[in-house]
Structures are given as structure tokens and as C-alpha cells.
Amino acid sequence: MKFPCALAPLAAATLLASGAASAQQAYKIAYIDPLSGPFANVGELMLTHTQYAVEDINAKGGVLGGTKLQLLQFDSKLSAQESQSALQAAIDQGAQAIVTGGSGSSVVAALVQSVNRWNQRNPGKELLVLNHSSIDPELTGKACSFWHFQTEANTAMKMKALANYIKKTPDIKKAYLLNQDYAHGKQWASYGRQLVGLARPDVQFVGETLHPIGRVKDFAPYIANVRQAGADTVITGNWGQDMTLLLKAAGDAGYNLRYFNHSAGSVPGTVLAVSQAKLGQLTWVAEWHPGQAETPKADALAKAYKAKTGKDFLAPRIEMTPRLLAAAINKAGSTDAAKVARALEDLSFDSAVGPVRMRAEDHQLLLPQVVNTIAPVDGKAVKVGWEGTNYGFRTDAVYTGNELAQGTECKMARPAP
């Protein structure tokens, strides 16, 4: 593949080691995610989690007995084209691994395809892609790649967790599928209809709509359609401002809906939006949520993260991603991409949310998932408020990665050892 020569303005590389490391000593990781535009707050959150882990790894000696990690950061602008430019800049600056996921599944898929082509044409200079948040099952299914690793539960796993919960929630009767018009939004709708329908054949699906991603300023017309259909529940993969504006529109309309989502509560502004709407129950699923009971390791990590960054800790899997990479480098005894990839396969790791394992056949991380609902603090089920509100997170159900694991259509082409 020929990459564009004229690159968009990109953020300067940032050395995160606690001391200067030479180019020969550093293992360079390129962070490529949105740092501007409507989802900039999401990209900044993910960047801070990644930075924290890199700095901590370096403070403890780096990898291979002294090699420091160096984090380069690039703005994807939520665009496949901009991500290609960022990838070429990362390659030019000597990156050996890409950390991404917050740009959407379509962008991440394009990055993986480009890395596949680069690696095929440049033996000895291969890159790895570690994807912490784009959860289209195709990325570890039909479009799987030896060079790509997914450190978040995929759409099918998350929807299975939600469907298991909905099976025990009889007041859900009529569901509307409202999603962003891109690969993952369509996948969330499809798996919602399939898995919720399987768990609860009595649930009626009364409507389905796709809307432009990141471009809708007022969701009132969409809410009007949901209301006209008589829905009590919305299955939505919306995230960032598309989620908060949806909540606002429903609250303004006085419409008390239930929402089922993959990761909305981990995005800044969502809890605040629920508290301001004062109507609606947003249930989502993640590897952990703030205030979760009996999670001492995650609680300690969240406390240390807040003390160092001054920000709230929300996503253990993102902070975990550089740590998985570092563990694989040490296991391989090398920074060679193919050797590190093989070391990542079937790697078991004792994370802040418990033991996790990278499945070798499709490079899907098996990690726990917690179904939880944003709800008012009651001193019992919800003990801690979030985002300066009296709303926090109520644990509804917990599933292991093995319980949610799905079959895979991955047929991975592997380079010769």
C-alpha cells in the first residue's frame, strides 16, 4: 500500500520514560485515536489510561531488563484516511506497535488491513496492533489477523451478557434498535435482535433506525419515533456525545426508557447526562465499574491513577493493554513482532480485574464482564456517586470471560516461524 505523502498535522511524539531513552533503547508504541472533534474526550481518556501504564512500566525498569517504552501519540480524527496518515508517520518514527480502539471499528479495521499489507511487504519491520475498544466480532472473526489483538470483550460477548440479564427482567416487552450508522452500530443492532430475541422470544422489536455517527445535534425526532412505536426499551450502541444527547432528548421529552449499551458508562459525561435527565435506566457492560464490590486490586489501581493524573479511572482494559504487550515482550525475550505475537497467544495475565487470557485461535482476550446500571446512590446497591452527581453504578450480574466466549470464524494466516 502507498501511504499519502502529505500528512495532516500530528501531535509531536511524547517520551514518557522517567529519563531520556535513546531511539536504540526505546520500544516505540504509537497511540492512534481521536484527540479532536466530537469524541476528543473519549480519546483523551484512553490516552491517559495508556500513558499511566507506560509510565508505570518504565518506572519499574521497562522491558527486557531495561528497555523503556516510548509512547507516540497521533490524532485519528475519527477518520480512516487520517488514521492511514498517522500510521505512516508512526512507521516513519520507528513504531513497533499500535495501540488503538477509540476511533470506531471501521477505522480500526482499515488500520489492521494496512498493517497487514505493510508487514507482508516489509519483513523484519512488522508492527502489532493492540485494540482496546473496537469490538466488532469480525476483527477476531472473518477479518482476524495474526498481527491484531483485541483486549476488550467483543460485541457478541457483551450482548450475551446483557441478554442473560434481560432474560430475568420481565418488564422489558418492546424494544427499539437505535444505533450509529457504521459497522459496529449495525453489529450491535444485529446481535441485539438475535441474542435478546433468543433469550426472550416474547420481546417485540418495534422499530430500527441508524443515524449518522457524531453528527446529530438533536435526537428529539428519533425519540419521537421511538415513542410512536411504543417502545419501553432502546438497544443502542451509541457512545460519546451520541449517547449523552440521546439521553438528554428523552429526558426533555419526559420519556422514561430503559437503555442497553456496551460501554456508555465508561465515557465521560454519561452519568452526568443520566442525572440531569432524571429519567431512564442505562444498563451497560464492562470489565469493571467504579464502586464495584470486592475488587480490591482495581480499587487500588483507581486510587493510584487518580493520585497521579488527577482524573477518574474508568477502564482497566485500556490500562492493561500496554501491560499485556510488556508481558509478551518479556516472555518472548525479544521485541521482534512475530515473536511477541506468538508470546501473546494464550498468554495468561493476572490483571486488576482478575485472571485474563488471550485466546490463541482468534486473538480475543477473555476477561470478565459486569452488567451494571447507572442509578441513584442509595447507600446499599450504589454507595458512591460519580461525576459530581448522586448517581453511580449498580452491579446487576457478573460473568467470566469463559462464560461469554463465542465460537469464531477466524482462519488465521500465520507467518513461518
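These numbers come from a predicted model, not from an experiment.

### Focus on the packing of aromatic side chains
Two descriptors summarise a pair of aromatic rings, namely the distance from one centre to the other and the angle between the planes of the rings. Tallied over the full model, the rule gives nine aromatic pairs. For the ring pair W284 and F393, a centre distance of 5.6 Å and an interplane angle of 65 degrees mean the geometry is edge-to-face. Separated by 109 residues along the polypeptide, W284 in strand β10 (residues 281–286) and F393 in strand β15 (residues 391–399) bring together distant segments of the chain. R227 extends its terminal NZ or CZ atom over the ring of Y255, reaching a point 4.6 Å from the ring centre.

### Some details on the environment of K331
Mapped onto the elements of the fold, K331 is located in helix α10 (residues 316–332). Once the C-alpha coordinates of K331 and L347 are considered, the two residues, 16 residues apart in sequence, prove to be 9.1 Å apart. Aside from chain neighbours lying at most four places away, what touches K331 is A343, E345 and L347.

### Description of the pattern of salt bridges
Counted by the stated rule, this structure contains 20 salt bridges. A salt bridge links K306 to D312; its shortest N-O distance comes to 3.0 Å. With a shortest N-O distance of 2.8 Å, R394 and D396 are connected by a salt bridge.

### Observations concerning helix α6 (residues 220–228)
Buried residues of α6: Y222, I223 and V226, and no others. In a view along the axis of α6, the buried residues occupy a sector of 100 degrees, so they form one face of it. On its buried side, α6 packs onto β6 (174–180), β7 (204–211), β8 (233–235) and α7 (241–252). Note on α6: the residue one or two positions beyond its end, G230, has a positive phi of about 80 degrees.

### Notes on the UniProt feature "domain: Leucine-binding protein" (unreviewed entry) in the chain
When the UniProt feature table is mapped onto this chain, "domain: Leucine-binding protein" (unreviewed entry) is found at residues 27–365. When the span residues 27–365 is considered, its composition is 43% helix and 19% strand, and the gap between its end C-alpha atoms is 23 Å.

### As for the state of the cysteines
On inspection of all chains with the given rule, the structure shows one disulfide. At a sulfur-sulfur separation of 2.1 Å, the disulfide partner of C144 is C410. The disulfide joining C144 to C410 has a torsion of about 85 degrees about its S-S bond and is therefore right-handed. Of this pair, C144 sits in the loop between β4 (128–131) and β5 (148–150) while C410 sits in the segment after α12 (401–404); the two residues are 266 residues apart in sequence, bridging distant segments of the chain. For the pair shown, C144 and C410 are each scored as buried.

### Some points on the packing of α7 against helix α8 (residues 270–277)
Relative to each other, α7 and α8 sit at 5 degrees, their axes nearing to 9 Å. What the angle tells us is that α7 and α8 run roughly parallel. On α8, the residues touching M243, T244, L247 and G251 of α7 are T270, A273, V274 and A277. Looking at side-chain class alone, the contact of α7 with α8 contains five nonpolar, three polar and no charged residues.

### Some details on the nonpolar core
Counting 100 residues, the largest nonpolar core has Y27, F74, I98, L128, L325 and V371 as the members making the most contacts within it. Broken down by element, this core gets its largest block of residues, eight residues, from helix α4 (residues 155–166). For Y27, the contacting residues outside a window of four places in its chain are T67, K68, L69, Q70, Q96, A97, L128, L325, I329 and T335. One finds Y222, V234, W386 and Y391 within the second-largest nonpolar core, a separate group that totals 30 residues.

### Regarding unusual backbone geometry
In this structure, L64 takes a positive phi of about 55 degrees despite not being glycine. Here L64 lies in the loop between α1 (40–59) and β2 (69–75). What makes L64 partly exposed here is its relative accessible area of 36%. In the Ramachandran plot, H363 falls in the positive-phi region, its phi being about 65 degrees despite a non-glycine side chain.

About the thresholds
- Residues numbered from 1 in each chain as written.
- Predicted model: local features only at pLDDT ≥ 70, side-chain atom pairs only at ≥ 80, totals over all residues.
- Heavy atoms only, no water.
- Phe/Tyr/Trp six-rings, centres within 6.5 Å; stacked < 30°, edge-to-face > 60°.
- Helix = DSSP H or I, 4+ residues; strand = E, 2+ residues; numbered from the N terminus.
- Lys NZ or Arg CZ within 6 Å of the ring centre and 35° of its normal.
- Contact = heavy atoms within 4.5 Å.
- Salt bridge = Lys/Arg side-chain N within 4 Å of Asp/Glu carboxyl O.
- Buried < 20%, exposed > 50% of the residue type's maximum accessible area, 1.4 Å probe, protein only.
- Arc of directions from axis to C-beta.
- UniProt positions renumbered as here; feature names shortened; annotations may be inferred.
- Disulfide = S-S within 2.5 Å.
- Axes fitted to C-alpha atoms, helices over the stretch in contact; angles between N-to-C directions.
- Parallel < 35°, antiparallel > 145°, perpendicular 65-115°, else oblique.
- Nonpolar A, V, L, I, M, F, W, Y, C, P; charged D, E, K, R; others polar.
- Core = buried A, V, L, I, M, F, W, Y, C linked by side-chain atoms within 4.5 Å.

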